[in-house]
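A closer look at the structure
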Amino acid sequence: MGQAREVMDRLTAAITTADSEAIAELYAQDAVAVTPDGGELHGREDIVGYWRQMTEAVPDGSYEPVHSYEVGNTAIDEGIFRGRNTGPIQLPTGETLAPTQKEISIRGVDLATVDDSGHIVDYRLYFDEMEFLGQLGLLPPT
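A brief report on the enclosed structure follows. Counting restarts for each chain, with residues numbered from 1 along the sequence as it is written. Residue-level local features of this predicted model are given only where pLDDT is at least 70; pairs of side-chain atoms are given and counted only at 80 or more, and the full residue set underlies all totals for whole chains, interfaces and linings. The side-chain figures draw on all heavy atoms in the structure; neither hydrogens nor water molecules are used.

Focus on the overall build of the chain
- Of regular secondary structure, the chain possesses four helices and eight strands.
- Numbering of helices and strands runs from the N terminus, with a helix taken as a DSSP run of H or I at least four residues long and a strand as a DSSP run of E at least two residues long. Helices and strands appear in the chain in the N-to-C order α-α-β-β-α-β-β-β-β-β-β-α.
- Our radius of gyration looks at C-alpha atoms and nothing else; its globule reference is 2.2 Å times the residue count to the power 0.38. Since a compact globule built from 142 residues should have a radius of gyration of about 14 Å, the 15 Å found for the chain is in line with a globular shape.
- Overall, the C-alpha framework of the chain stretches about 50 × 30 × 25 Å when taken along its three principal axes.
- Burial status across the chain gives 38% buried among its 142 residues.
- Here a residue-residue contact requires only that any non-hydrogen atoms of the pair lie within 4.5 Å. Here the analysis covers contacts within the chain between residues at least 6 apart in sequence; of these, 54% occur between residues at least 24 apart.
- Computed with a 1.4 Å probe, the accessible areas rest on the Shrake-Rupley method; for each residue, only the protein chains presented here act as cover. Entry remark: accessible area of the chain is about 7,600 Å², with carbon and sulfur atoms responsible for 53%.
- For the chain, the distance from the average site of its 9 positive side-chain charges to the average site of its 25 negative ones is 5 Å. The classification of residues rests on relative accessible area computed with a 1.4 Å probe and restricted to protein chains. Under 20% of the type maximum is buried, over 50% is exposed, and intermediate values are partly exposed. Charged residues are defined narrowly, with Lys and Arg counted positive, Asp and Glu counted negative, and His plus the chain ends left uncounted. In this description, the location of a charge corresponds to atom NZ of lysine, CZ of arginine, CG of aspartate or CD of glutamate.

Rendered as structure tokens:
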């Protein structure tokens, strides 16, 4: 196992335990992250804020790995994030929605590129945001 894989595994553990301090330690100060719901995030502080919102919205979240890869200094994971929405949901508009109390099960892929010092410098998260909103009951009826 290389450094990128080890850092990604530590990130997954920190997210599922809502350990903001551990999450912060894994990202470079000037890291960039791209997410479906948060857009492009610049800097450790913004990225930690994104994860804090997610872990507050689904505090009992768990992660089931499906595939794990490492290519050079990049780790790639495919997995399923599960939990119940028992905390407020922050929208990109700045609005806050009350918890839906609904269960979610979202398949996603994330990629983390790690520098020589062992910090994530580039992070990409992909999941179907419409599926996420649908499971929360936040889409209009069809």
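Points about the sheet that holds strand β1 (residues 27-35)
- What the six strands build is an open sheet, ordered β2-β1-β8-β7-β4-β3; its pairing is mixed. The open sheet has two edge strands with one neighbour each: β2 (39-42) and β3 (62-71). Averaged over all pairs of adjacent strands, the angle between their axes in this sheet comes to 15 degrees, without regard to strand direction.
- As defined by bridge partners, strand β4 (residues 74-84) adjoins strand β7 (residues 103-114) across eleven bridges and the pair is classed as antiparallel. Of the residues in β7, the one forming a bridge with Ala 75 is Ala 112.
- Sitting on the sheet, helix α3 (residues 44-57) touches β1, β2, β4 and β8 (120-127), and the angle it makes with β1 is about 55 degrees. Pairing between strands is defined by DSSP: at least two bridges between the two strands are required. Between N-to-C directions, angles span 0 to 180 degrees; the directions come from axes that are lines fitted to C-alpha atoms, helices contributing only their stretch in contact.

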